[in-house]
Amino acid sequence: MTTVTDNSSLPHYTARSMAIHSLSAFAGEALALGLATGPVCLASCGPVVLPWMLVQPRGLRTHSTQLSLFLAARLAGYLLFAAAVWTAGSAIPHAWVGRSWLLGGTQLLLAGALFVYAAGFPHPRCARSASAAPLVHIGDSPHPRRSGAATLGFLTGINLCPPFLVAGVRAALLATLPSALIYFAFFFIGTSVWFAPFLSLSVVRRTPSLVTVARMVAVLLACWYGVSGALILMEKVVYG
Amino acid sequence: MASRSSAVLHPRVFRSVGRSLLLTLPMALWSLLMFTPSLRQSRRDVTIGSAIVIAFMTTLFYLMVRTGNTYRWRRCFFVALGFLFPIGFISALIAVRGTMSIPIERMVSGDTPFCFMVTPMLVIPAAFTRTIIFPGSILPTSSNPHSIAVMIGLWLAMTLVLGKAWCSYGCFFGGIEEGFAAVRKRAKIRRTVDKFAPRLRLIPWALLIVVVALSAALMEPIYCMWLCPFKTVTEYPAVHSVETAIQMGIFIVLFAGLVVVLPYLTKKRTQCAFFCPFGAFQSIFNKINPFEIRIDREKCVDCTLCQTTCPTMALSKESIREGKTLMNCMKCGACVDSCNKDAAVWHLKGTRVGLHPERARLLFLYGAWAMATMFGGSILANSLATMIRFLPKIHSMLLK
Ligand code: SF4
Ligand code: SF4
């Protein structure tokens, strides 16, 4: 690695650059995971969001405000979940000898979950796990309902679909609470890209190649987690 | 229609020798200009290598102009580039280091020549952390002239001129599979490839997303470390652990499958079409490039011959019906040369489709061939010089 401002080819690390490196590290992973699993979020939240968007008064401005509110509340749900899973994860002591086994095993489980997701999308469980429509049913209204957008966003934000759990397990294993929160924030950005087409009402459905690319990304990420999990376990077996 | 047809020079009608020579003259001068410094050198191997390349590139351009055929002559250059690059590269590595593998300490000291494949992986880390995640030196050094700054500058210039045509006039890897794809007369596997092509074509995009995100995540060029098939014929990290052994295994399997066996069986450039994330990245630049291939719907009879010929599956029935190629067209010219209705044509964006296709082809070729001579030509000259240097040694080794 080479610092751009430095003409020497040797690495030049400071505490700040180390912090930025590690931030970029899990942010990149979370973003990729979000982008890859976004369609499942769409499948899970779409049935709730789409009818609700359709009954909102027309106009790009109204729809943008509503979607922003929805996404903001969804982010709040994500961050709350990240804090909860990290607290649970940090209960495991760092010096515990089984930590490598847990880490390797978790990576393999993540790989399995992503494979299942990629093979069986949209998984029926995702549709069921979405917030029930009656809870947030708003009805045909001539005025935009802000509380409705926020409620919908928050409830879909804490729904336990497989990609969400995958991200949750990763966040639980991170070293600090801010890292877990940043991880979920980037995961949120990745998944939210898939919601933008709601503004023009389901462009995604007209371009199935996007969904196929997302599924391929999930398979490739699953391979990555699989190999890195297997390597962790192999090292544990070989070196103890 | 009649007047339009008469204005079109039939691509397979030979130009006169005089006119062809005249049109080749600028390219001959460009080649001379490019290689003048090498010709002036006192080293005989460099002078001979450069002289051969000037003659080779100028002759191929002349043949493209005279015959109206692009694909066949371009392929001669491209396959030569694909096979001579590793020969020159490996010989130099063995002469300098005695091995193709790079020890970790040399990698850390920035002794790795920069490869353009890594470009998309550099963007996010460079933007957010001002770090280039490649173990090469930024500025040229005496031991490594192929520094990051030089190679990115070259890539940028070529991309602006060529767009995705980089993949058929610039890339020093694509020629290897194009060579293997040219061996058989007919494809052994065709239907399966056709059937799965719409999905397979999306793999490079998925790989691009994954390698860019994971490279940013882990601050290392993931593609180079785990997935590049061409490590097999260039430079790889020394195998010293289970992890590096797995990496080496992946390189070899990918190279054998995607670059040798599948191109041989399918007559397609399978690695370029269905794997290379850098190719997907280059496709984005096709949008800003003024040249493209179009299908003149008034002449097309939907025989799909062009689709069958295309080495990267950049045509589908739907795209032909729309009169366009897909985004991954690398402007190799195979479809144009194969269409016997003159419906597949070179096109300058903003003009009417089929109006002056030969003019558009020549305009494109001047830019593309100039770049090919500058970049690929110097690689060829370098490889030839290395081979000439090593010939006596190999000869004496054989005699012993
Ligand atoms: S080969 Fe020519 S006529 Fe046949 S489908 Fe292609 S463009 Fe149309
Ligand atoms: S569409 Fe034509 S020019 Fe483009 S890659 Fe295919 S054969 Fe080559």
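The rules behind the values
Residues numbered from 1 in each chain as written. Chains lettered and ligands numbered in written order. Predicted model: local features only at pLDDT ≥ 70, side-chain atom pairs only at ≥ 80, totals over all residues. Heavy atoms only, no water. Disulfide = S-S within 2.5 Å. Buried < 20%, exposed > 50% of the residue type's maximum accessible area, 1.4 Å probe, protein only. Near = heavy atom within 4 Å. Nonpolar A, V, L, I, M, F, W, Y, C, P; charged D, E, K, R; others polar. Salt bridge = Lys/Arg side-chain N within 4 Å of Asp/Glu carboxyl O. Helix = DSSP H or I, 4+ residues; strand = E, 2+ residues; numbered from the N terminus. Axes fitted to C-alpha atoms, helices over the stretch in contact; angles between N-to-C directions. Left-handed = near helix turned anticlockwise from the far one by under 90°. Contact = heavy atoms within 4.5 Å. pLDDT = per-residue confidence, 0-100. Phe/Tyr/Trp six-rings, centres within 6.5 Å; stacked < 30°, edge-to-face > 60°. Lys NZ or Arg CZ within 6 Å of the ring centre and 35° of its normal. Parallel < 35°, antiparallel > 145°, perpendicular 65-115°, else oblique.

### As for the state of the cysteines
Residue and element names in this part refer to chain B.
Here comes step 1: In total, this model carries zero disulfides over all chains according to the counting rule given.
Here comes step 2: Not engaged in a disulfide, the cysteine C171 finds its nearest cysteine sulfur in C272; these two sulfurs lie 6.3 Å apart.
Here comes step 3: Looking at C171, the relative accessible area reads 8%, which means it is buried.

### Some words on the site of ligand 1
Here comes step 1: With respect to spatial proximity, the complete set of residues near ligand 1 consists of I295, C300, V301, D302, C303, T304, L305, C306, C339, K341, A343 and A344 of chain B.
Here comes step 2: Of the residues assigned to the shell around ligand 1, the class counts are nine nonpolar, one polar and two charged.

### Examining the pattern of salt bridges
All names here are of chain B.
Here comes step 1: Within this structure, the stated rule accounts for eight salt bridges over all chains.
Here comes step 2: Measuring nitrogen to oxygen at the nearest pair gives 3.2 Å for the salt bridge that ties E178 to R269. Residue E178 is found in helix 9 (residues 174–181), and its partner R269 is found in the loop between helix 13 (242–266) and helix 14 (270–274); the two are separated by 91 residues along the sequence. The two residues E178 and R269 agree in class, both being buried.
Here comes step 3: Residue R294 is joined to E292 by a salt bridge in which the shortest nitrogen-to-oxygen separation is 3.2 Å.
Here comes step 4: Judged by relative accessible area, E292 falls into the buried class, the value being 19%.

### Concerning the packing of helix 9 of chain B against helix 13 of chain B
Residue and element names in this part refer to chain B.
Here comes step 1: One can describe the packing of helix 9 onto helix 13 by two numbers: an axis separation of 6 Å at closest approach and a directional angle of 35°. In this structure, helix 9 crosses over helix 13, and the sense of that crossing is right-handed. Contacts between helix 9 and helix 13 involve I176, E177, F180 and A181 from the first element and F255, L258, V259, V260, P263 and Y264 from the second.
Here comes step 2: Grouping the constituent residues of the contact of helix 9 with helix 13 by class yields nine nonpolar, no polar and one charged.

### Some thoughts on the confidence of the model for chain B
Residue and element names in this part refer to chain B.
Here comes step 1: When the pLDDT values of chain B are averaged, the result is 86; 86% of them are 70 or greater.
Here comes step 2: Here residues 1–10 scores under 50 on pLDDT; set against residues more than four positions off or in separate chains, the count is 14 contacts.
Here comes step 3: Reported confidence for the predicted complex is 0.82 by ipTM and 0.76 by pTM.

### Here's the deal with the packing of aromatic side chains
Residues and elements named next belong to chain B.
Here comes step 1: Using the criterion set out here, one finds 23 aromatic pairs over all chains in the structure.
Here comes step 2: A centroid spacing of 5.4 Å and a plane angle of 40° characterise the contact between F85 and F89, whose relative ring orientation is tilted. Here F85 and its partner F89 are both found in helix 4 (residues 71–97), four residues apart, which amounts to about one turn of the helix.
Here comes step 3: Between F172 and F173, the ring centres sit 4.9 Å apart and the planes meet at 75°, which makes this aromatic pair edge-to-face. Just as F172 is buried, F173 falls in that class too.
Here comes step 4: Counting every residue linked through ring pairs, the aromatic cluster contains F85, F89, W155, W166, F172, F173, F230, F255, F278, F281, F285 and F375.
Here comes step 5: Here R74 stacks its cationic end above the ring of Y169, 5.8 Å away from the centre of that ring.

### A look at the packing of helix 7 (residues 148–162) of chain B against helix 15 (residues 277–286) of chain B
Residues and elements named next belong to chain B.
Here comes step 1: Put simply, helix 7 and helix 15 touch, their axes get as near as 9 Å, and they point 55° apart. Taken together, helix 7 and helix 15 sit at an angle that is classed as oblique. Between helix 7 and helix 15 lies a crossing of right-handed hand. Residue-level contacts link W155, T159 and L162 of helix 7 to F278, F281, Q282, F285 and N286 of helix 15.
Here comes step 2: The residue inventory of the contact of helix 7 with helix 15, partitioned by class, reads five nonpolar, three polar and no charged.

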